[in-house]
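Reading the structure
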Amino acid sequence: MYHRKWWHDKIMYQIYPKSFCDTNGDGIGDLRGIISKLDYLKDLGADVLWLSPIYKSPLADEGYDISDYYAIDPRFGTMADMDELIAEAKKRDMFVLMDLVANHCSDEHAWFRKACEDPDGPYGQYFYIRGAGADGGRPTNWRSYFGGPAWDLLPGHTDQYYLHVFHKKQPDLNWENPKVREEIFANVNWWLDKGLGGFRIDAIMNIKKPAELHDYEPNRTDGLSPLTHMLEEAGDIGPFLTELKEETFAKHDAFTVGEVCGPDPVSLQAYIGEDGYFSSIFDFEENTFGRTPNGYYDWQRCTPEDYKQCVFRAQARAGSIGFLSNIIENHDEPRGVNRYLPDGERTETAKKALACAYFLLRGIPFIYQGQEIGMENKVFRSASEIRDVGALGEYETAKRAGCSEEEALRAISAYSRDNTRTPMQWSDAPHAGFTTGTPWIEENENYREINAEKALKDPDSLLYFYRKLAALRKAPAFKDTLVYGRMTPYLPEEKNLLAYVRESVGKDELPDLTCPTPRLLVAVNMQKEAREIPLPGKAARVLLSNLPVSDGAADGRARLKGWQAAVWEFE
Ligand code: GLC
Ligand code: CA
């Protein structure tokens, strides 16, 4: 049974503020830039805007290293700008989410400074600080997510180390210390009181560490072990997540989406069930496909058929337990159109097909900035063009594993997070209309062909297709089916056909249902060859399609051209 929540029928849009829109010519996107684009976002159909971090930060990991949780970084604007953004969004019936980065802070945060001054004092307890390990070196042999050891010497000391599972400028906070939790909860509530809609919750699965920190089996020639072992041993994270929710989100009816990878159905209930820790978690099934512990250079590409299998697996696992958040990309991933569409087939039609495939799944659709105009990966000519600390670590890993510089560059170009961090392409003006100055990261050179201004002039563009998808999901006649309805794979054995039926639940599942809701078929032909399929019933009409298509009512068959996507309504 479902109880309607305010966020169930919303469409989410992720903004990477640093690269979205710069209004003062310093080459860095800012809050005023976001305010200036609210109408563009509203017209697209976005209801909820998730902002990657804008707190005060040295930007070592682009804001995921916070030095003051109560301040806006001056490069992004002022607190007054933030208040204005929330208010302007509200005027348009839109909500703002911030990024809650609480596994770690910045090494420039006052807490860490005080911990360095006096590791035995109260702030020493805010972090994981340990003496040397048995061999006189680092306390354990853990490898950080960005490569290299997860421990570094505590600044000012020669015999004490601190833990950072990400970059060395991101010391891990010690959640076992109630003072730390109190500080975090107070901050979350402070922001929610300002009128935020909620939070996207960063790297949250890392907050629980084992009681005893020790070495694990190394898996590479660097002698280090991956953090997966430590996380497996860490024990139940549930009490922390329950407390976080009860002390903060629940009191404000906030929407929360966790960065949580693949829990099994039993834990899914705990995460996103009716009383789950979070409103939703991201589905990472597709973008984690083909990964191996060796690193980028060893990852396997996701074919359209793999993509389909991933989608079906994730949807089956979530079933009606709760709402997954569906994405094709985010600020940590390459562009979805590069990852999921085969080289040589990345046309506007195929981009629409991919959009249709994921957007109408059961769950909450997220659009990442630039996705709506079909932005693509950037071509990197040398490793010196890469800024992403994660990709730079992967470059070293690839070379250590025996890749040539060229091979290593190819690997990091395919997966670097910089691919989605290049400036939003607003127009064909210099620097894609993102800034009048020099952008902090170079724009993708294809901005003359791919930009929002051009897309807005063409009623047939991908941008308008996204608008139609958003409108369809919100249309009173289809909303209950598309938001609450079941998702059943259709002809799943047909290779490269991603098709599913969306069928509404009944009154017992959605008690306030007043009339029967329609049954829909979403069919996407994920290949360049045409195909014909039977329709699952008598088609009433085609609601949406990326190429002209007949309704198939006469003979009950659908003829799909290469990369055609269409949505049918049945009688
Ligand atoms: C999350 C963020 C990523 C960041 C990391 C550390 O994965 O999405 O951008 O580097 O956490 O905060
Ligand atoms: Ca700026």
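Residues numbered from 1 in each chain as written. Chains lettered and ligands numbered in written order. Predicted model: local features only at pLDDT ≥ 70, side-chain atom pairs only at ≥ 80, totals over all residues. Heavy atoms only, no water.

**Some details on the packing of aromatic side chains**
Rules: Each pair of aromatic rings taken from Phe, Tyr and Trp, with Trp reduced to its six-membered ring, is defined by centres within 6.5 Å and is described as stacked if the planes are under 30 degrees apart, edge-to-face if over 60, and tilted in the remaining cases. A run of H or I in DSSP becomes a helix once it reaches four residues, and a run of E becomes a strand once it reaches two; helices and strands are each numbered from the N terminus. A 1.4 Å probe rolled over the protein chains alone gives each residue an accessible area, and that area as a share of the maximum for its type sets the label: buried under 20%, exposed over 50%, partly exposed in between. Consider the ring centre and the ring normal. A charge sits over the ring if Lys NZ or Arg CZ is within 6 Å of that centre and within 35 degrees of that normal.
Using the criterion set out here, one finds 37 aromatic pairs in the structure. Between the aromatic rings of W50 and F282, the centroid separation amounts to 5.7 Å while the plane-to-plane angle is 40°, which identifies the pairing as tilted. Within this pair, whereas W50 is found in strand β2 (residues 48-51), its partner F282 is found in strand β11 (residues 280-282), the two being separated by 232 residues in sequence. Judged by relative accessible area, which is 1%, W50 ranks as buried. Directly above the aromatic system of W440 lies the positively charged group of K18, at a separation of 3.8 Å from the ring centroid. Sitting over the face of the ring of F570, R519 holds its NZ or CZ atom 5.4 Å from the ring centroid.

**Brief notes about the pairing of strand β13 (residues 364-368)**
Heads up, the condition is: DSSP calls a pair of strands paired once it identifies at least 2 bridges connecting them.
Buried residues dominate β13, accounting for five of its five residues. Here β13 shows a buried face lined by I364, F366 and Y368 and a second buried face lined by P365 and I367. In this structure, strand β1 (residues 12-15) lies alongside β13, joined through three bridges in parallel fashion. Residue pairing in the sheet places M12 in a bridge with F366 of β13. Direction of pairing for strand β12 (residues 323-326) relative to β13: parallel, over a ladder of two bridges. Following the sheet pairing, S325 is matched in β13 by I364.

**Quick notes on unusual backbone geometry**
Phi is positive for L59, which is not a glycine, with a value near 60°. Looking at the secondary structure, you find L59 in the loop between β3 (55-56) and β4 (68-72). At A432, a position not held by glycine, the phi torsion is positive, near 60°. Following the sequence through the fold, A432 ends up in the loop between α13 (405-415) and α14 (452-457).

**Details of the site of ligand 1**
Put simply, the test is: It suffices for a single heavy atom of a residue to lie within 4 Å of a molecule or strand for the residue to be listed as near it. By the criterion applied in these results, polar contacts are pairs of N or O atoms within 3.5 Å in which, for protein atoms, one can donate a hydrogen and the other can accept it, and in which residues neighboring in sequence qualify only through two side-chain atoms. Residue-level accessible areas treat just the shown protein chains as cover; the underlying method is Shrake-Rupley with a 1.4 Å probe. Note on residue classes: Ala, Val, Leu, Ile, Met, Phe, Trp, Tyr, Cys and Pro are nonpolar, Asp, Glu, Lys and Arg are charged, and everything else, Gly too, is polar.
Neighbouring residues of ligand 1: 14 residues in total, closest D61, D202, E259, H331 and D332. Note that an oxygen atom of ligand 1 is positioned 2.8 Å from one of the side-chain N or O atoms of D202. A distance of 2.8 Å separates an oxygen atom of ligand 1 from a polar atom in the side chain of H331. When ligand 1 sits alone it has 310 Å² of accessible area, and the protein chains cover 96% of it. Taken together, the residues that form the shell around ligand 1 break down as four nonpolar, three polar and seven charged.

**Focus on the domain arrangement of the chain**
Heads up, the rule is: Segmentation of the chain into domains, including their bounds, is taken from an automatic or database domain assignment. Contacts are assigned to residue pairs with any non-hydrogen atoms lying within 4.5 Å of each other. One speaks of a salt bridge when a side-chain nitrogen belonging to Lys or Arg is within 4 Å of a carboxyl oxygen belonging to Asp or Glu.
Taken domain by domain, the chain consists of domain 1 (12-107 + 174-463) and domain 2 (475-570). For domain 1 versus domain 2, the distance between C-alpha centres works out to 30 Å. Taken together, the contact pairs 21 residues of domain 1 with 26 residues of domain 2. Where domain 1 packs against domain 2, one counts one salt bridge. Residues K528 and E345 are paired through a salt bridge, measuring 3.8 Å at the closest nitrogen-oxygen approach. Where the side of domain 1 that touches domain 2 is concerned, the elements lending two or more residues are α9 (304-318) and α11 (348-359). Looking at the side of domain 1 that touches domain 2 residue by residue, the class counts come to 14 nonpolar, two polar and five charged.

**Side note on the packing of α11 against helix α15 (residues 462-474)**
Quick reminder of the rule: Every axis in this analysis is a line fitted to C-alpha atoms, fitted for helices over the stretch in contact. Angles between the N-to-C directions lie between 0 and 180 degrees. For classification, angles of less than 35 degrees are called roughly parallel, those exceeding 145 degrees roughly antiparallel, those between 65 and 115 degrees roughly perpendicular, and all remaining angles oblique. Crossing handedness is defined as follows: a turn of the near helix away from the far one that is anticlockwise and smaller than a right angle gives a left-handed crossing, while the clockwise case is right-handed.
At a minimum axis distance of 10 Å, the contact between α11 and α15 shows a crossing angle of 20°. Judged by the angle between their axes, α11 and α15 are roughly parallel. For α11 against α15, the interelement crossing comes out right-handed. Contact residues: E348, K351, K352, A355, C356, Y358 and F359 in α11; L462, F465, Y466, L469, A470 and R473 in α15. Grouping the constituent residues of the contact of α11 with α15 by class yields nine nonpolar, no polar and four charged.

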